[in-house]
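Chain residues, written in single-letter form:
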Amino acid sequence: MHAAPVRRSSLRNLATALLTAACLPAQSPLAMPFAANNSGAAGWMIFFDLDVVAPAGITITALDVNCSTTAVGTVGAIELYVGPTSYVGTVLNPTTWAMAAHGGVIAAGNNVPAYTCLGAGLFLPPGPHAIGIRHVDVGVGFTNGTATNRTGATADVHLTAGAACSDLFSGSTFSPRVWNGNLHYHLGNLPGSGCAQSESVGTGCYRGTTTFYEALPALAAFDLQSGNQPSLYAARLLPLGYMVMPTGPSWFPPTGVQLLDNAPIPAPMGDTQFSRPLQLPFVFPFPGGSTNVIHAASDGYLVLGTTTSNSCDASPTTAELLTQVPRLCPLWCNLQPMTNQVANPQSGIYFDVDPSGLVVYVTWLDVADRSGSVPLAGATSVTMQVALFASGDFEFRYLDIVPNTTSAPVIVGASKGSSDGLVAVDPGSVDLSASLPLITTGPDSRPLLHTVGLPRLGSNFDLMVRDVENLVPFSFLCLGDTAVPSGLPLAGLGAPGCSMFTNNNLTIVTLPVALPAGAAAVLLPIPTDAALVGMQVTSQALAFTTKNDLGLATSNGVTWTVGH
């Protein structure tokens, strides 16, 4: 592969740009602390306002971002969007935003800057601008906003934070939230050039997950109890996980007394507490395990297994759903069993065993919604029930839901968590009221993954393959000069769900794989040769599998550009 000759006009333009830059020193970067105390999953966005005060404007050439707890080395991308003069009031209005720059990123660890080059960069003239940054395939770490941490500035540009949302200009919104990052820029309209980049293309096969959930911004957004869907029934399917479907009204009136908490000396359940152990008359199976003991959480979920803790979690996150103990979540949010007892002495949480001995019921009866604020007794109400069947099926049943006027996140769904030693695979939030019936795609498995480092001149460039099945101790790395972003489907060759993301016209390399870890890596030395700057390659891994007739699984692709 040969670099194209550099024209004289290009050299003159470069010299002019360098001279101009020398005359206009900048205070780049604008730095915001890497001090995350909150986070979002891959696909989340973080927003802030930039007021450019430099008379010549600025060109943003690169960012350092916080990829939170995403595994170090994970390849993703950063998309930078520009909106109106402020993000306020526009976070969920995609028509007012446009993607202005993007670049690859490699997760470096929580609160560790991860560099992303924005190619030619983004010029912002003097004045106010709204900025939205989306993390693709990597998480985002940010800081909860306070009265003192929401601003940052240099002599050229001022930053005011901020908000976050859980999807591309959609999903749940959170404010104030403060971006963690460094904003690198030049003064004036000076395009950047020549930095090394890596960016993931497509996804590998085969991902499987037994988890399902819907993440909501507030209890007021919950709609499963309305219309023709007062209940949600999950039928256990092996090995897929569950078939989740709407079902007709059903209810078991609780007959016992309010549950006591899990303290050494049990007391009536209050705010953010677990119940005492609840013994099942059968062993309840679920993906990743089984149990004959559960605990009810005052905050609207069941723990499938035993715990000695008396402190449950009132602030649900997807990460906790996937990584912690297995749970069923009819309405995981900030609930309080005792608030309404002044108005209704029966308010509380109940556990009943069906006369058949094949079903148990956990009921939250007229408990209060404490999302965002403490309501008056009787002002809010949540009445719902979980029925657990000996077969492993379960049902979420809902009666009256009267939410608080303030809001906080809610999760509805179920996950094995890390009960089998492996973190559950994230299927993404779905609108349950619009998606039923649905079938989860288990068993839990991670797709073949290809990651790379940054191809910098004079460095050893890492190319890695992960999550190879424990079959044959080698894999293949395909390299081409053109990406196929939409993917070339391989269903016709016997590999449904798999695609090629490179034209594969350069070479194929065989990589030894360490089993059972399923990992392979190779170092590619990149010489210090300026002629290589801008050279672009797309690579993708293949590995043996038993999951299709072709016998091969494909990874995501990665497009990488050699640079400084």
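To start, this report covers the structure provided alongside it.

Reading guide: rules and limits
- Residues numbered from 1 in each chain as written.
- Predicted model: local features only at pLDDT ≥ 70, side-chain atom pairs only at ≥ 80, totals over all residues.
- Heavy atoms only, no water.
- Pairing = 2+ DSSP bridges.
- Helix = DSSP H or I, 4+ residues; strand = E, 2+ residues; numbered from the N terminus.
- Axes fitted to C-alpha atoms, helices over the stretch in contact; angles between N-to-C directions.
- Core = buried A, V, L, I, M, F, W, Y, C linked by side-chain atoms within 4.5 Å.
- Buried < 20%, exposed > 50% of the residue type's maximum accessible area, 1.4 Å probe, protein only.
- Contact = heavy atoms within 4.5 Å.
- Phe/Tyr/Trp six-rings, centres within 6.5 Å; stacked < 30°, edge-to-face > 60°.

A few words on the sheet that holds strand β34 (residues 507–512). Taken together, the 5 strands give an open sheet; going across it, the order is β14-β37-β36-β31-β34, and neighbouring strands pair in antiparallel fashion. Whereas interior strands pair on both sides, the edge strands pair on one side only; in this sheet they are β14 (197–201) and β34. Ignoring which end each strand starts from, the neighbouring axes of this sheet average 25° apart. Pairing of strand β36 (residues 536–544) with strand β37 (residues 552–561), which is carried by 8 bridges, proceeds in the antiparallel orientation. In the strand pairing of β37, Val 537 is matched with Trp 560.

Read from one edge of the open sheet, 6 strands run β15-β27-β21-β20-β19-β18, paired in antiparallel fashion. At either margin of the open sheet sits one strand with a lone partner, and together these are β15 (212–216) and β18 (278–286). Between one strand axis and the next, the sheet turns by 25° as a mean value, whatever way the strands run. When β18 meets strand β19 (residues 289–297), the two strands line up antiparallel, connected through 5 bridges. When the bridges of β19 are listed, Pro 285 appears paired with Ser 290.

Phe 212, Leu 331 and Val 412 are the most contacted members of the largest nonpolar core, which has 44 residues in total. Take this core: its biggest share by element is 5 residues, from β18. Setting aside residues no more than four positions away along its own chain, Val 412 makes contact with Phe 212, Tyr 213, Glu 214, Leu 216, Phe 222, Leu 224, Cys 329, Pro 330, Leu 331, Phe 396, Tyr 398 and Leu 432. In this structure, Ala 101, Leu 122, Val 157 and Ala 164 belong to the second largest nonpolar core, which totals 38 residues.

Okay, the packing of aromatic side chains next. The description of an aromatic ring pair rests on the distance of the ring centres and on the angle between the ring planes. As enumerated under the stated definition, the model contains 20 aromatic pairs in all. Aromatic pair Phe 47 and Trp 97: ring centres 5.3 Å apart, planes at 65°, arrangement edge-to-face. With a gap of 50 residues between them, Phe 47 in strand β3 (residues 45–52) and Trp 97 in the loop between β5 (75–82) and β6 (98–106) connect regions that are remote in the sequence. Measuring from centroid to centroid gives 6.1 Å for Phe 274 and Tyr 301, while their planes differ by 85°, and the two rings are edge-to-face. Here Tyr 301 lies in strand β20 (residues 301–304) and Phe 274 lies in the loop between β17 (241–247) and β18, a separation of 27 residues in the sequence.

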